[in-house]
Amino acid sequence: MLNEKIEKAINEQINEELYSSYLYLSMAAYCAQNGLVGFANWMNIQVQEELNHAKFFFDYVIERGGKVALEQIRKPKHEWSNLIEVFEETLGHERHISSRINDIASLAIEEKDHASASFLKWFIDEQVEEEASAEDMLNKLKMTKAEGAALFFLDQEAQKRVFVQPVLK
Ligand code: OFO
């Protein structure tokens, strides 16, 4: 049986993950509309990852005999001044998600729900990678000022990103 407080926190997190996918979909549109097809691909991979995260939380609630309660997904923004701003927001958003997951993990320990603490371990590790990949791209964009030939090559690098279906252990 799933602890009630954890069930509520995970339901909120399902909404956050769905919002994350919606935000990145909006960023994918911004990139595509500005001729950055590689960065649009990068963001579309991000969308798939977030949908997966939402589904992992969803499946966990069901597996533990809890109740999934989906809520409205808030509207993401759709205008940015430039690509550097897009990636600054991406990194900021991932840091925000890391802090939420840490809070749920702390709650699980407080509530002595060790199964949930163990389940959350995958997300804690995943966030390290999520932050690193956004920060890496942001640093490259800042270094090159996201202009000219450098931007062209970074767009090609972003085009190579592929979605790999993760497996929860
Ligand atoms: Fe981007 O990691 Fe889920 O939200």
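The residue count restarts for each chain, going from 1 along the sequence in the order it is written. Given that the model is predicted, a residue must reach a pLDDT of at least 70 before its local features are reported, and side-chain atom pairs must reach 80 or more before they are shown or counted; all residues, however, enter totals for whole chains, interfaces and linings. Note that water and hydrogens are dropped before the side-chain values are worked out from all heavy atoms of the structure.

Asks: Describe helix α2 (residues 37–63), naming the residues involved and giving the relevant values.
Replies: The terminal C-alpha atoms of α2 lie 39 Å apart, and with 27 residues this matches the ideal 39 Å at 1.5 Å per residue to within 8%. Helix and strand definitions here come from DSSP, where helices need a minimum of 4 consecutive H or I residues and strands a minimum of 2 consecutive E residues; each element is numbered from the N-terminal end. Looking at the residues trailing α2, positive phi occurs at G65, about 75°. For a helix, the expected span equals 1.5 Å multiplied by the number of residues minus one.

Asks: Pulling in residues and values, what's your account of unusual backbone geometry?
Replies: Unlike most non-glycine residues, K112 shows phi in positive territory, near 55°. We call a residue buried when its accessible area falls under 20% of the maximum for its residue type, exposed when it is over 50%, and partly exposed in between, using a 1.4 Å probe and counting protein chains only. Overall, K112 belongs to the exposed group, its relative accessible area being 67%.

Asks: Run through helix α5 (residues 148–159), naming residues and quoting values.
Replies: One full turn of an α-helix is made of 3.6 residues, so residues set three or four places apart face in the same direction. Between its terminal C-alpha atoms α5 stretches 17 Å, which fits the 16 Å expected from 12 residues at 1.5 Å a residue. If you check which residues of α5 are buried, you get L151, L154, D155 and A158. Here the buried residues of α5 occupy an arc of 105° about the axis, which is enough to place them on one side. Facing away from the buried surface of α5 by more than 90 degrees, the exposed residues are A149 and F153. Pairs of residues are marked as contacts when any of their non-hydrogen atoms sit within 4.5 Å. Those residues of α5 hidden inside the fold are in contact with α2, α3 (83–110) and α4 (114–144). Here the arc refers to the set of directions running from the helix axis out to each C-beta atom.

Asks: I'd like a rundown of the nonpolar core, residues and numbers included.
Replies: What is meant by a nonpolar core is a set of buried Ala, Val, Leu, Ile, Met, Phe, Trp, Tyr and Cys residues, joined one to another through side-chain atoms within 4.5 Å. Formed by 27 residues in total, the largest nonpolar core has its most connected members in F39, M43, L83, F87 and L141. Where this core is concerned, the elements lending two or more residues are α1 (4–33), α2, α3, α4 and α5. If you look at the next biggest cluster of nonpolar residues, it comprises 18 residues, including I6, Y60, V61 and I104.

Asks: Break down the side chain of E130 for me, citing the residues and quoting the values.
Replies: When you line up the elements, E130 lands in helix α4. The term polar contact refers here to a pair of N or O atoms within 3.5 Å; inside protein, the definition further demands a hydrogen-donor-capable atom paired with an acceptor-capable atom, and it admits residues adjacent in sequence only when both atoms are side-chain atoms. A distance of 3.3 Å separates the side chain of E130 from the side chain of Q46, its partner in a polar contact. Other than its neighbours up to four places away in sequence, E130 contacts Q46, E49, E50, H53 and E94.

Asks: Which residues make up a nonpolar patch on the surface, and what values do they have?
Replies: Like charges within 9 Å and nonpolar side chains (Val, Leu, Ile, Met, Phe, Trp, Tyr) within 5 Å are joined into patches, using only residues over 30% in relative accessible area that form no salt bridge. Only the protein chains shown count as cover for residues, and the accessible areas themselves come from Shrake-Rupley with a 1.4 Å probe. One side-chain nitrogen of Lys or Arg within 4 Å of one carboxyl oxygen of Asp or Glu is enough to make a salt bridge. On the surface, Y22, L25 and I73 cluster together into a nonpolar patch covering about 250 Å² of accessible area. Turning to its location among the elements, Y22 is positioned in helix α1. With relative accessibility at 40%, the residue Y22 sits in the partly exposed group.

Asks: Describe the packing of α2 against α4, naming the residues involved and giving the relevant values.
Replies: With their axes 12 Å apart at the nearest point, α2 and α4 run at an angle of 170° to one another. By the angle between their axes, α2 is roughly antiparallel relative to α4. Across from F39, W42, Q46, E49, E50, H53, F56, F57 and Y60 in α2, the residues of α4 making contact are A115, S116, F119, L120, W122, F123, E126, E130, S133, A134, M137 and L141. Of the residues in the contact of α2 with α4, the class split is 13 nonpolar, four polar and four charged. The axes used here are C-alpha line fits, helices contributing only the stretch in contact, and every angle between their N-to-C directions lies in the interval 0 to 180 degrees. Throughout this description, any angle smaller than 35 degrees is read as roughly parallel, any larger than 145 degrees as roughly antiparallel, any in the 65 to 115 degree range as roughly perpendicular, and the remainder as oblique. Residues are grouped as follows: nonpolar covers Ala, Val, Leu, Ile, Met, Phe, Trp, Tyr, Cys and Pro; charged covers Asp, Glu, Lys and Arg; every other residue, Gly included, is treated as polar.

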